[in-house]
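# Residue-level structural notes
Each chain is listed here by its residues.
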Amino acid sequence: MKHLRQLEDQSVYILREAYKHFDHLAMLWSIGKDSTVLLWLVRKAFFGHVPFPLIHVDTSYKIPAMIEYRDRLVREWRLNLVVGQNKEALAAGMNHTLGRVTCCTALKTNALKQLIEEKGYTGIILGVRADEEGTRAKERYFSPRDKHGDWDFRDQPPELWDQFKTSFPPGTHVRIHPLLDWTEINIWEYIKLENIPFIDLYLDRGDGTRYRSLGCAPCTFPIKSTAKSVDDIIEELRHTTVAERAGRAQDEGRGMELLRKEGYM
């Protein structure tokens, strides 16, 4: 498992560099496998502590078991959780039937932007992986956004030979991606290696299906799978030809690209 320790070392280094160079950091926790591994790495990097707030953007449409898992881990690990929600959009009746990109923009992107502006966060740490989805492959470890949170993927700083740009003009908002070079199998191998707790929605619970990626209930669908353990998942991933986010309706067409250009997580 040498490759996992190398990935761990790189991620811990990125987290400590972020903490060193940015004064107002926060970390986005989606409750999924990637951001939970990232949370585990943060606690390793800072000797059992999480020295910045955790953000969860609650659309009110999340699978209920995700909220139960979130609240349990917050209590057990004594986490400082900040919940963001676009209450104005929800009060106006926003939901996925009005268009998935429209709904994600209102309840996720705009909710995150509102929270960033309210709290004054200059950098957000996320569990994004390059192999997860094509648009995310264009990210950097330290990826700048403009003052509105918009992302120009054609204007990204080079990160050659592990040299990272960590100084940006005033007003720049930075997204930090310590898991960028991890793969989906790496995540599950590391969960097994470290015995990291994860939500059981990722496992087949008897009906021959499981979730491979988690999101809002109306727009996230399970895949056919009989994987009942982490070992089963790893073995399944070694042979699958199905994309990881095949069950995420928001990715249809250019949905994810459009969302990320406007500041989606």
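See the structure printed just above.
Residues take numbers from 1 onward in each chain, read along the sequence in its written order. Residue-level local features of this predicted model are given only where pLDDT is at least 70; pairs of side-chain atoms are given and counted only at 80 or more, and the full residue set underlies all totals for whole chains, interfaces and linings. Here the side-chain values reflect all heavy atoms present in the structure, with hydrogen atoms and water set aside.

### Looking at the overall build of the chain
- Helix and strand assignments come from DSSP, with helices taken as H or I runs of at least 4 residues and strands as E runs of at least 2, each series counted from the N terminus. When you go through the chain residue by residue, the secondary structure sums to eight helices and eight strands.
- Note that the radius of gyration is over C-alpha atoms, with the globule rule given as 2.2 Å times the number of residues to the power 0.38. The C-alpha atoms of the chain give a radius of gyration of 18 Å, which matches the 18 Å a tight globule of 265 residues would have.
- Note on exposure labels: buried denotes an accessible area under 20% of the residue type's maximum, exposed denotes more than 50%, and partly exposed covers the range between, all computed with a 1.4 Å probe on protein chains only. Across the 265 residues that make up the chain, the buried fraction comes to 54%.
- By definition, residues are in contact when any of their heavy atoms lie within 4.5 Å. Look at the contacts in the chain between residues 6 or more apart in sequence, and 76% of them connect residues 24 or more apart.
- For every accessible area listed, the method is Shrake-Rupley and the probe measures 1.4 Å; residues are considered covered only by the protein chains on display. When the accessible surface of the chain is summed, it comes to about 12,500 Å², and 50% of that surface belongs to carbon and sulfur atoms.
- In the chain, 38 side chains carry a positive charge and 38 a negative one; their mean positions are 1 Å apart. Within this scheme the basic residues Lys and Arg register as positive and the acidic residues Asp and Glu register as negative, but His and the chain ends are omitted. Every charge is mapped onto a representative atom, which is NZ of Lys, CZ of Arg, CG of Asp or CD of Glu.

### Some remarks on unusual backbone geometry
- Despite not being glycine, Phe47 has its phi angle at roughly 55°, a positive value.
- For Phe47, the location among the structural elements is in the loop between α2 (33-45) and β2 (54-57).
- Notably, Asn195 is not glycine yet its phi reads approximately 55°, a positive angle.
- Locating Asn195 in the fold gives a position in the loop between α6 (184-194) and β7 (209-210).

### Some words on the layout of surface pockets
- For each structure, a 1 Å grid was placed over the protein atoms alone; sets of points admitting a 1.4 Å probe that cannot get out are labelled cavities, open sets with protein on both sides within 12 Å along at least five of seven lines are labelled pockets, and lining residues have an atom within 4 Å of a point. Grid points are joined across faces, edges and corners, and a volume is the space filled by probe spheres set on the points. In this model, the largest pocket occupies a volume close to 210 Å³.
- Along the walls of the largest pocket sit 13 residues, with Pro144, Arg145, Asp155, Gln156 and Thr172 positioned nearest its centre.
- Residues are grouped as follows: nonpolar covers Ala, Val, Leu, Ile, Met, Phe, Trp, Tyr, Cys and Pro; charged covers Asp, Glu, Lys and Arg; every other residue, Gly included, is treated as polar. Looking at side-chain class alone, the lining of the largest pocket contains five nonpolar, two polar and six charged residues.
- Reported here for the second largest pocket is a volume of approximately 180 Å³.
- Elements with a minimum of two residues in the lining of the second largest pocket: α5 (100-119) and β6 (173-176).
- For the lining of the second largest pocket, the residue count by class is two nonpolar, six polar and four charged.

### Regarding α2
- Working rule for helices: expected span equals 1.5 Å times residues minus one. Under the 1.5 Å per step criterion, the end-to-end length of α2 is 18 Å for 13 residues, consistent within 8% with the ideal 18 Å.
- Burial runs high along α2: eleven of the 13 residues are buried.
- Inspection of α2 places Lys33, Asp34, Ser35, Thr36, Val37, Leu38, Leu39, Trp40, Leu41, Val42 and Ala45 among the buried residues, and these make up the whole buried set.
- The inward-facing, buried residues of α2 contact α1 (2-21), β1 (25-28), β2, α3 (64-77), β4 (123-125) and α6.
- Count one or two residues on from α2 and you reach Phe47, which has phi positive near 55°.

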